[in-house]
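Summary of the model geometry
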Amino acid sequence: MPVMIEKKLKTDSANRAYSPWDHAMAQMNAAAKKIGLNESILKKIAYCKRALIVSIPVKMDDGRVEVFEGYRVHHNVVRGPAKGGIRYHPDVNLEEIKALAFWMTMKCAVMNLPYGGAKGGVRVDPKKLSLGELERLTRRYTSEISILIGPDRDIPAPDMYTNAQTMAWIMDTYSMSVGYSAPGVVTGKPLEIGGSYGRFEATGRGVVVTVEEAFKQNGWKLPGATAAIQGFGNAGSVAAKLLSLAGVKVIAVSDSKGGVICPQGLDAERLMAIKAKGGRVSDYDGKNVSVVTNAELLETPCDILVPAAMEEQITSQNASRLKAKLIAEAANGPTTPEADEILWKKNVFILPDILANAGGVTVSYFEWVQDIQSYSWTEDEVNARLGELMRSAFHTVHQTAQQNNVHMRLAAHMVALKRVAQATEIRGIYP
Ligand code: GLU
C-alpha cells in the first residue's frame, strides 16, 4: 500500500487552520484592496484554471509496484503559456501546489514575462528512491501530465529535489510521444540538449542582485555584512557563494538535517563540496563552528536572512524574534501574512519571494526563447540580461512600496495583480 502523508494544516495565532493557498489568497486580497480591483476580475483570479491529479505506478527495484500521487496545476494563463517547476517532496499536496502555481502567476507578472503560472509535484521522498526508480517515476508522471504540457502550453522546470537530469527525462519522454525533439517543453535542462548558460545559478544570482539593490536603496554597505541561509539546495548554495563573492560573511547555513554557525564566516565552496559528496552541512567542521537547528538559524543575529527551503518558516510564532534587517526570500512562501505584519512593524526590509527568487524563471524564459530561436546566448549575455530585468523589477516594486507606504510584498503583489487584471480585462471573459 502507498504511504499517504497528508500535510497537517497548521494553525495561526487565533488557532484557525490555514494552508499555503489561504496565505496566497490573503496576499492577493490585500493587493486587490489596495489597487481597488474590480470584484469580477478578482473572482476570476481567485480560482485555479485547472488542476490535474494523477497516480503514478512505479516498478521498484525489488519487483514491488509502488503508486505515488502527482499534480499539475495551472493557476492562470491569461498572460501566456503556463510556467512553473515540479517538486518531489513527501509533503506535496494539492493546496500547496495551487498556492505555488498562484505565486508563479504573480512572479511572472512582476517580472513582466509573457507567462501564466503553473506548478507540479509528486508526493514522494526522492532520497529513498534509486536513480532508476526516479527515472521511471519521472517518465510515468510526464506521460500522465502530457495532456497539459508542451512548448506553447505549459513548460515545467526544476524545483525542490528535481534537477537538470529530471528535466532531461521529461524532455525525452515528451519528445518520444510527439515523435521529434522538443527542447522547449522544459527549462532547466542540461546544456547538451538545449539548456541555457547561467540557468543553474539564476535563482541564487537573482537573489543577490535584489539584495544589492536593497542595500543601495537603504544606504547600507554590503561588504562586511553578515548572512544566515536556511536551505542549501540550488538557490541557497548559489546565494551563499555569490554573497561571499560580494564580500558578505555567511555565518550560518542549514539543510533539512540542521545547520552550522561560525561568527568568522563559513566557506561556501567547501560546503558545496560536502553536499556534492552526499554529506550534510553539519559535516562542516573548523574552529568556532557549532551546530544549530533550523529554528535557531532563523533567529541568528545577522544582517541578511535568506530562507531558501520550505514554505511557512517565518510565522507569528517566531517573527518577533528574528534579528535580520533584511530578509531575501529565495524560497517560495516562507513567510506567513501574520508574520509579514510583525516584520513590517519591526521595520525589517523584505525582498518577497515573487521578486527575490524570480531569477530562476527569468532565465527559464531566456532558455525557452533560445530554444525557439535555436540560438544560444553566452553566459555573460544571460547574466547581464538577468541583472537588467531583476533591477528593473526591483525598482518598480520599490517605487510602488514607497508611493503607497506599504511593504515590498504588498507592493510586488500590487504590481503583478494589476498586470494580470489588465490582461484579463482586455481579453474579456469567454464566451
Ligand atoms: N521552480 C522555480 C520557481 O519556483 C523556477 C520555475 C521556472 O523556471 O519555471 O520559480
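In short, a report on the structure. All values derive from a computational prediction rather than experimental measurement.

1. Considering the site of the ligand
Lining the immediate environment of the ligand, one finds 14 residues, of which Lys83, Lys107, Pro158, Asp159 and Ser364 sit closest. Lysine 107 places a side-chain nitrogen or oxygen 2.6 Å from an oxygen atom of the ligand. Within the side chain of lysine 119, one N or O atom sits 3.1 Å away from an oxygen atom of the ligand. Against a free-state accessible area of 290 Å², the protein chains account for coverage of 95% of the ligand. Those elements that place two or more of their residues in the shell around the ligand are strand 5 (82-89), helix 3 (94-110), strand 7 (154-158) and helix 12 (359-373). The class makeup of the residues in the shell around the ligand is 4 nonpolar, 5 polar and 5 charged.

2. Some words on the packing of aromatic side chains
According to the stated counting rule, one finds 7 aromatic pairs in the structure shown. Considering the side-chain rings of phenylalanine 215 and tryptophan 220, the 5.3 Å spacing of their centres and the 80 degrees angle between planes classify their relative orientation as edge-to-face. Looking at phenylalanine 215, the relative accessible area reads 1%, which means it is buried. Centre to centre, the rings of tyrosine 365 and tryptophan 368 are 6.3 Å apart; their planes meet at 35 degrees, and the pair counts as tilted. Of the two residues, tyrosine 365 and tryptophan 368 are both situated in helix 12; the distance of 3 residues between them amounts to about one turn of the helix. Residue tryptophan 368 is classed as buried on the basis of its relative accessible area of 10%. Each member of the aromatic cluster is reached from another via a ring pair, and the members are Tyr115, Tyr365, Phe366, Trp368 and Trp377. Positioned above the aromatic ring of tryptophan 220, the side-chain terminus of lysine 325 is 4.6 Å from the ring centre. Above the face of the tryptophan 377 ring, arginine 385 is positioned so that its terminal group lies 4.2 Å from the ring centre.

3. Quick notes on the pairing of strand 8 (residues 226-230)
In terms of burial, strand 8 is a largely internal element, 5 of the 5 residues being buried. The alternating pattern of strand 8 places Thr226, Ala228 and Gln230 on one face and Ala227 and Ile229 on the opposite face, and all of these are buried. Pairing analysis gives 5 bridges linking strand 8 to strand 9 (residues 249-255), with the strands arranged parallel. When the sheet's bridge partners are listed, isoleucine 229 is paired in strand 9 with valine 253. Note that the unit made of strand 8, helix 7 (residues 234-245) and strand 9 has a crossover that is right-handed.

4. Let's talk about unusual backbone geometry
With an omega of 5 degrees, the peptide bond between tyrosine 430 and proline 431 qualifies as cis. Here proline 431 shows up in the segment after helix 14 (408-427). One non-glycine residue, glutamate 312, adopts positive backbone phi at about 55 degrees. Examined against the element boundaries, glutamate 312 turns out to sit in the loop between strand 12 (304-307) and strand 13 (326-328). Notably, asparagine 347 is not glycine yet its phi reads approximately 70 degrees, a positive angle. Within the secondary structure, asparagine 347 sits in the loop between helix 10 (337-345) and strand 14 (349-351).

5. Concerning the pattern of salt bridges
Per the stated rule, a full pass over the model turns up 27 salt bridges. With its nearest N and O atoms 2.8 Å apart, the salt bridge here joins aspartate 159 to arginine 87. Of this pair, aspartate 159 sits in the loop between strand 7 and helix 5 (164-178) while arginine 87 sits in strand 5, and the two are 72 residues apart along the sequence. The salt bridge partner of glutamate 367 is lysine 189, with a shortest N-O separation of 2.7 Å. With a gap of 178 residues between them, glutamate 367 in helix 12 and lysine 189 in the loop between helix 5 and helix 6 (202-218) connect regions that are remote in the sequence. For lysine 189, a relative accessible area of 5% puts it in the buried group. Connected through salt bridges with shared partners, the residues Arg87, Glu96, Lys119, Asp159 and Glu311 form a single ionic network.

What counts and how
Residues numbered from 1 in each chain as written. Predicted model: local features only at pLDDT ≥ 70, side-chain atom pairs only at ≥ 80, totals over all residues. Heavy atoms only, no water. Near = heavy atom within 4 Å. Polar contact = N/O pair within 3.5 Å; in protein donor to acceptor, adjacent residues only side chain to side chain. Areas by Shrake-Rupley, 256 points an atom, 1.4 Å probe, with all protein chains shown as cover. Helix = DSSP H or I, 4+ residues; strand = E, 2+ residues; numbered from the N terminus. Nonpolar A, V, L, I, M, F, W, Y, C, P; charged D, E, K, R; others polar. Phe/Tyr/Trp six-rings, centres within 6.5 Å; stacked < 30°, edge-to-face > 60°. Buried < 20%, exposed > 50% of the residue type's maximum accessible area, 1.4 Å probe, protein only. Lys NZ or Arg CZ within 6 Å of the ring centre and 35° of its normal. Pairing = 2+ DSSP bridges. Right-handed = clockwise from strand over helix to strand, strands pointing away. Salt bridge = Lys/Arg side-chain N within 4 Å of Asp/Glu carboxyl O.

On their own, these measurements won't tell you what the molecule is for.
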